[in-house]
Amino acid sequence: MAGILYLCATPIGNLEDMTARGLRMLKEVDLIACEDTRTSGHLLKYFGITTPVTSYHKFNEETKGEELLRKLLAGQSIAVITDAGMPGISDPGEILVRKCHEAGVTVTALPGASASVTALALSGQATRRFVFEGFLPTETKEKEEALSRIRKEERTVILYEAPHRLIRTLTSLRETVGGGRSISLCRELTKKHEEIVKTTIGEALAAYETKEPRGEYVLVLAGKSHEEAVREETAKWQDMDISSHVAMYEARGQDHKTAMKSVAADRGISRRDVYQALLKEKDN
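Throughout what follows, the structure given in this document is the object of discussion. (Residues numbered from 1 in each chain as written. Predicted model: local features only at pLDDT ≥ 70, side-chain atom pairs only at ≥ 80, totals over all residues. Heavy atoms only, no water.)

1. Comments concerning the sheet that holds strand β9 (residues 195–200)
By way of backbone hydrogen bonds, the strands of a sheet pair with one another, either parallel or antiparallel. Spatially, the 5 strands line up as an open sheet ordered β6-β7-β10-β8-β9, and their pairing is mixed. Looking at which strands have only one partner, the edges of the open sheet turn out to be β6 (130–135) and β9. Averaged over all neighbouring strand pairs, the angle between strand axes comes to 20°, with direction disregarded. Contacting β6, β7 (156–161), β8 (182–187), β9 and β10 (217–221), helix α5 (residues 115–123) crosses the sheet at an angle of about 50° to β10. In the packing of helix α6 (residues 140–152) onto the sheet, the strands contacted are β6, β7 and β10, and the crossing angle to β6 comes to about 160°. (Pairing = 2+ DSSP bridges. Helix = DSSP H or I, 4+ residues; strand = E, 2+ residues; numbered from the N terminus. Axes fitted to C-alpha atoms, helices over the stretch in contact; angles between N-to-C directions. Contact = heavy atoms within 4.5 Å.)

Given below as structure tokens:
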């Protein structure tokens, strides 16, 4: 009978946030797979946990995942923990979870602290609809694609960033969505010097001209407002003639009649007016 894989959340700063269930399972499993055995060693020592550990990180996630899967299939129970927060969320775990599902191995989670959700709740930004982007890619093309998604996003966007890359990322965001966009910079979450600063991208960059970023950051960026989205959509067609406007919607997959209806809605006119304008443009 196969063992069970436990995804165990660990504190993001304050050790008192470790759950009782998480502690119990870390003592009961056969093996703990740690992102960094040295970092996790402090946590395990603090709580008197002596379960055997093994390293499991982004550089060995594929090969070590196969090894861990074999142990699970042989009946061992394994807990995965990262340096902080929930495994598999911008941290090792995703690949092993997928392998377990494919092999029919039971996976369960021991929920707890999460930097992204904690920051969102504290940010003062809209929380009903949000999207998690994690760390921006370092490769140029992938980063441009991510920034393009963020530029169009109307939901609140959550990003992670290291202190040495913070100014670079804020600069990229200013170039992408503008310096006036609201953003909350969250650092040292759950720790003694926890700091949540709700500001704008431009003001944040100005502030870091005189101080050095310290600590890991969660950036909570306001989404594009509805008014801004309407202005951008209007800008796409306001200089077009009617036939080009209709062609724009047809290029998006709408049939001719539906495209005419969309144009009429954009311009605040009737579909008959659109039809007449198309005839007039054709005659001219």
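2. Focus: the sheet that holds strand β1 (residues 4–8)
Spatially, 5 strands are ordered β3-β2-β4-β1-β5 in an open sheet, and the strand pairing comes out parallel. Unpaired on one side and paired on the other, β3 (53–55) and β5 (106–110) mark the two borders of the sheet. In this sheet, neighbouring strand axes are inclined to one another by 25° on average, regardless of whether the strands run parallel or antiparallel. Inspection of the sheet shows strand β2 (residues 31–34) paired to strand β4 (residues 78–81) by 4 bridges, in the parallel sense. Among the inter-strand pairings, Leu-31 is bridged to a residue of β4, identified as Ile-78. Against the sheet, helix α1 (residues 20–28) contacts β1, β2, β4 and β5, and its axis sits at roughly 135° relative to β5. Set on the sheet, helix α2 (residues 37–46) makes contact with β2, β3 and β4; between it and β3 the angle comes to about 155°.

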